[in-house]
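Spelled out from the first residue to the last, the chains are:
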Amino acid sequence: MKFRQTLTASVALLPVALLSAPAFAQSTGSVDFDDEIVVTGARATDVAGIQSPDTSKAKSVLGQEVIARQNPGQTILDTINLVPGVVFTNNDAYGSSGGQLTIRGFSADRISLTFDGVPLNDSGNYAIYSNQQLDPELIEQVNVNLGTTDVDSPTAAATGSTVNYRTRTPGEDFGVQLSGSAGEFKFFRIFGMVDTGEFTPWGTRAFISASTASNDNPFNNYGRVEKQQYNARIWQPIGDNGDFVSVAGHYNENRNNFFGSVSLRNDRDVPSGFPQSKDEREYDINYPCTVSTAATPGVADLTNGCGTEFDRRYNPSNTGNIRGASRFTLTEGVILTVDPSYQYVKANGGGTVNARERLQNGLSGYIGGRPYFGMDLNGDGDLLDEVTMLAPSQTQTHRYGVIANLRWDIADNHSVRVGFTYDRARHRQTGQVGQLQLNGEPFDVFPVNDPEVDVTGAVLQKRDRLSYAILTQLSGEYRGEFADGRLVTTLGIRAPWFKRDLNNYCFTTSDTGFVDCFGQGDPRNAVYAAANPTVQGPQQRILKYDDILPNVGLLFKPNNQFSIFANYSKGLQVPGTDALYNSFFFAPDTASARPEPETTDNFDLGVRYRTGQIQAQVSGWFTKYDNRLASAYDPITDRNLYRNLGRVDKYGIDGSIAWQPLPQLALYVFGSYLESEIKDDLLLDVDGAGNPIVSPTKGKREAGAPSYTFGGSARGTLGPVELGVTAKRTGGRYVYDTNLPICSSTPATTAPATCAGTIVYPAKTNPYWLVNLDARLNLEFLGLGEKTHFQVNVYNLFDKLYVGSFPTSLSQAGSPPFAQIGAPRTISGTLTVAF
């Protein structure tokens, strides 16, 4: 297979006026506004699929050439591990079981993820679900904005960075692609796509695709990952000036269990503690088993734990969206873009509960974290027993949005645009319970479909809340070129108005999230309220947040290869639903009832060098981070609450070089260094004598982010054979913001300065190397066409044992946290036939 060897030559033959930089923004409006004429016809815009766009922002772009070399069906978030400053830990090698993302030390819920400009972060807690992303064969490119957003970004969560990937445009000619993959852990995947080509006199074209994948989990004797996905897009060009209308649809269905999560401690055997060698990664759980069927009249029959283990929790999700995109030239130099969208989510995180037949203080309901039915559940005629039931936290979301931009080219070198963004999510969070089969399996992984009711006929659920997350945003941006295009300035501003309409139909009994629920309008609410007059009852609260967020950039290009860039942007993160609903514990007129939004001031300064053979970029950055929320453990309630960590200063350097010295050889190196400093100790409480209880965070690093990462890749071709290798070194990560080691026992206070028990794990995880290999044999020499090939992938080539994802928090005040075992070495092969 030819490996980009004709790219530079073919680019050089094209007229300068026809050369446009590829789209590397989010919405159609940002793509249109960022589109630039390449001034040198002899220079390619990327090197082997890696690009450092010539903008005022620190940005990296990976194209399909890079994406296609990853594991079959791999999540796009694993692919961007090649970008400096990005760290993604994958729960399995195939990308269908989740993972953990950070960029410049910002966690995933502070990173905006968009799909053709459509926001994918959870509308409640801003989480990112890596196993629900678009099939990689359909991704034209993925771009990462380090530390900043586009001016029309439709997000309430972007104090960190942004990641956007864009769907391929349907081909102009008829084509078919079919891939079949098989690999270790009984992996099997099929992907198929059909391009219609132009099928009307007006150039209408479309594609449709489908995929299905399944594999066993690599760690224990239970659980299988199953995924199916369907996509389609229709594209209608309007004239020959780039105008178009497009409609795309996406549906994804996941059924998987949690696995590989063990206690982060070195003093216990698997599965209780983290494995000490590769041989200890595999462990057995209590499966198969049989749920206790004891039903003895007059005896308090108890459960036997069958089906309750964490590894048996299902994590089902049904997600889909419809995405519109359009561009209209209204008159010369005036362009309108409109991107409407609709999204649907139905998902839960599994889990079980021991339900009780009896009443609690004379009431049935979900009280103190348990359902009390007030009725016989096992048929023995008494109300003394406990029965294991499915009890996940259920979420259903309907989300509508639109991004519209109007661009006006005032003169050849001066353009402005104004934008309007609207995003409305109806976020329903419930906690219905369902029955288990005798083998511990749920009858339905979605108990919301047919929930259990108590003696009064009311649905029992551990939470019952309805939220509307509404964003209305105006934005504007100016771009001007001066000194014959050597100096480019961008002046942007966005003004978001966020509204959180929160309806909690339960009683909030603590600031860590405990609630007691009886049902909307249920008469038991009045009885409970009379007996608990100090507890905040069911209520509605409406919170509003707004700000003015500037985005200013400078790009200086002394020649066609070298440039200097600088950027300043301000970020805003509205508190998520968990923090907001936890604040319902406090009276609505108190300061604690309104958590403050997080804000960032982001500064970047860097240099860039780009030719047809080299793409190089290095940037230094500084972020002033205010009102950073941190999760903290409350030993009294055994739950996490949210604390304002105050100001954190973050700074570092990111760099990368892509070099193609020969058409048959491409090399890439990258690296990043990160520092963060928490400016103050955190006041948690005061003791009985009035002395402050503080968490010792002053001068410490934030948890969860390594101080360094570096790596590289090499790719070469020899005839029909192509071989590629990528390697990345990830530094150690603190588990707690206090930077203290993990203890075996619960410390005496919520802010321990020393370990109350024995140290069972260091303060930091160990650094590790992750090396991946891919090899491709082009089968054109067999007469099968230039697009037909066989590819082998090896994930974690040297089978390194490492700590994957883990929850970060302020400090330890309970048991050691659980951590994910990093994905082991995994070999797979894929045969792709295309014409």
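Rules used throughout
Residues numbered from 1 in each chain as written. Predicted model: local features only at pLDDT ≥ 70, side-chain atom pairs only at ≥ 80, totals over all residues. Heavy atoms only, no water. Helix = DSSP H or I, 4+ residues; strand = E, 2+ residues; numbered from the N terminus. Rg over C-alpha atoms; globule rule 2.2 N^0.38 Å. Buried < 20%, exposed > 50% of the residue type's maximum accessible area, 1.4 Å probe, protein only. Areas by Shrake-Rupley, 256 points an atom, 1.4 Å probe, with all protein chains shown as cover. Lys, Arg positive; Asp, Glu negative; His and termini not counted. Charge placed at Lys NZ, Arg CZ, Asp CG, Glu CD. Pairing = 2+ DSSP bridges.

Peer 1: Give me the overall build of the protein chain: which residues, what numbers.
Peer 2: Helix and strand counts for the protein chain stand at six helices and 46 strands. Here the C-alpha atoms of the protein chain give a radius of gyration of 27 Å, agreeing with the 28 Å that 2.2 N^0.38 yields for 835 residues. C-alpha atoms of the protein chain, sized along the principal axes, occupy 90 × 60 × 55 Å. Each of the 835 residues in the protein chain was classed as buried or not, and the buried ones make up 58%. Approximately 31900 Å² of the protein chain is accessible, and the part contributed by carbon and sulfur atoms is 58%. Here the protein chain contributes 70 positive and 86 negative side-chain charges, whose respective centroids are spaced 3 Å apart.

Peer 1: Give me the lowdown on unusual backbone geometry, citing residues and values where you can.
Peer 2: Peptide bonds are mostly trans, and most non-glycine residues show a negative phi. With omega at 0 degrees, the peptide bond leading from Tyr287 into Pro288 counts as cis. Looking at the element boundaries, Pro288 is found in the loop between strand 15 (261-263) and strand 16 (317-331). One non-glycine residue with positive phi stands out, namely Ala483, at about 55 degrees. Here Ala483 is to be found in the loop between strand 24 (461-482) and strand 25 (487-504).

Peer 1: Requested: an account of the sheet that holds strand 6 (residues 112-115), with residues and values cited.
Peer 2: The strand order 1-2-8-9-6-7 describes an open sheet built from six strands, whose pairing is mixed. Each having just a single partner strand, strand 1 (50-51) and strand 7 (118-119) make up the two edges of the open sheet. Note: strand 6 against strand 7, two bridges, orientation antiparallel. Each bridged residue has a counterpart across the sheet, and for Thr114 the counterpart in strand 7 is Pro119.

Peer 1: Account for the sheet that holds strand 5 (residues 106-107), naming residues and giving values.
Peer 2: The strand order 3-4-5 describes an open sheet built from three strands, whose pairing is antiparallel. At either margin of the open sheet sits one strand with a lone partner, and together these are strand 3 (86-90) and strand 5. In the sheet, strand 3 pairs with strand 4 (residues 99-103) via five bridges, with the strands oriented antiparallel. Paired with Asn90 across the strands is Gly99, a residue of strand 4.

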